[in-house]
Amino acid sequence: MDLDSFLVLLEIFFPVLGVVIIVILAGMTAGKEKWAVLIIGPAILLGLQFLLIQSGWIDGNLLTMAIFGLFMMAAYYYYIILLIAGLVKLWKHYKSKETP
């Protein structure tokens, strides 16, 4: 396999591998560390994917751009859902602390 073919495969499967790594790390951690992985992990993955695309190693890979666009759209909704889930969890935590 030549370098160009490897880079095309890396650009295509990089988000999938990143999501798998984030899921594994989130499963291995608990508490504040889990929330840190769930918040920072996708942001780092999106940034690295953007840098990989902007490097210009591969020209004209439409599948990579489609995956990047879908990942950006999914990240937008992911953070909204994560914010709502965090607020609900925080509300339940303080609600259980109030009632003796």
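Residues numbered from 1 in each chain as written. Predicted model: local features only at pLDDT ≥ 70, side-chain atom pairs only at ≥ 80, totals over all residues. Heavy atoms only, no water.

Brief notes about helix H1 (residues 3-28)
Phase 1 of the analysis: Helix geometry: H1 is bent most strongly at Phe-13, by close to 50 degrees, with proline Pro-15 lying one to four residues after it.
Phase 2 of the analysis: Taken as a whole, H1 has its buried residues at Leu-7, Glu-11, Ile-12, Phe-14, Pro-15, Gly-18, Ile-22 and Ala-26.
Phase 3 of the analysis: Where H1 is buried, its residues contact helix H2 (32-54) and helix H3 (62-98). (Bend = angle between axes of the 7 residues up to and from the residue. Helix = DSSP H or I, 4+ residues; strand = E, 2+ residues; numbered from the N terminus. Buried < 20%, exposed > 50% of the residue type's maximum accessible area, 1.4 Å probe, protein only. Contact = heavy atoms within 4.5 Å.)

A short note on the nonpolar core
Phase 1 of the analysis: In terms of nonpolar packing, the biggest core is built from 7 residues, these being Phe-14, Ile-22, Ala-26, Val-37, Leu-45, Leu-52 and Phe-71.
Phase 2 of the analysis: Elements represented by at least two residues in this core include exactly H1 and H2.
Phase 3 of the analysis: Not counting chain neighbours up to four residues away, the residues in contact with Ala-26 comprise Lys-34, Val-37 and Leu-38. (Core = buried A, V, L, I, M, F, W, Y, C linked by side-chain atoms within 4.5 Å.)

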